[in-house]
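Survey of secondary and tertiary structure
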Amino acid sequence: MDDKKHEKPADDKAAVWDKINDEAEMLRRRTTPVYMKQRIMDALPEKPEPAKPWYKRVLDK
């Protein structure tokens, strides 16, 4: 009877870790849809602004 009590938590832990591993694998396989990638690229400016030195950025404020 004591053996069954000790086996159950191990089975519960194994089930939890199996579920965590399954969910992690599902998230690893997830990718950004093509339409979303295109929306991101369209939102970017054509030409980036030239970089300013840090001291000019601070003084311009």
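Up top is the structure these notes are about.
Below you will find a few notes about this structure. Everything quoted here is computed from the prediction, not taken from an experiment. (Residues numbered from 1 in each chain as written. Predicted model: local features only at pLDDT ≥ 70, side-chain atom pairs only at ≥ 80, totals over all residues. Heavy atoms only, no water.)

**Concerning the overall build of the protein chain**
Scanning the protein chain for helices and strands turns up three helices and zero strands. Listing each helix as α and each strand as β along the protein chain from the N terminus yields α-α-α. The burial tally for the protein chain puts 0% of its 61 residues in the buried class. For the protein chain, the computed accessible surface area is about 6,700 Å², with 58% contributed by carbon and sulfur atoms. (Helix = DSSP H or I, 4+ residues; strand = E, 2+ residues; numbered from the N terminus. Buried < 20%, exposed > 50% of the residue type's maximum accessible area, 1.4 Å probe, protein only. Areas by Shrake-Rupley, 256 points an atom, 1.4 Å probe, with all protein chains shown as cover.)

**Notes on a nonpolar patch on the surface**
On the surface, Val16, Trp17 and Ile20 cluster together into a nonpolar patch covering about 310 Å² of accessible area. Turning to its location among the elements, isoleucine 20 is positioned in helix 1 (residues 2-29). On the basis of relative accessible area, isoleucine 20 is assigned to the partly exposed category, the value being 38%. (Patch = residues over 30% accessible without salt bridge, like charges linked within 9 Å, V, L, I, M, F, W, Y side chains within 5 Å. Salt bridge = Lys/Arg side-chain N within 4 Å of Asp/Glu carboxyl O.)

Keep in mind these numbers describe shape, not what the thing actually does.
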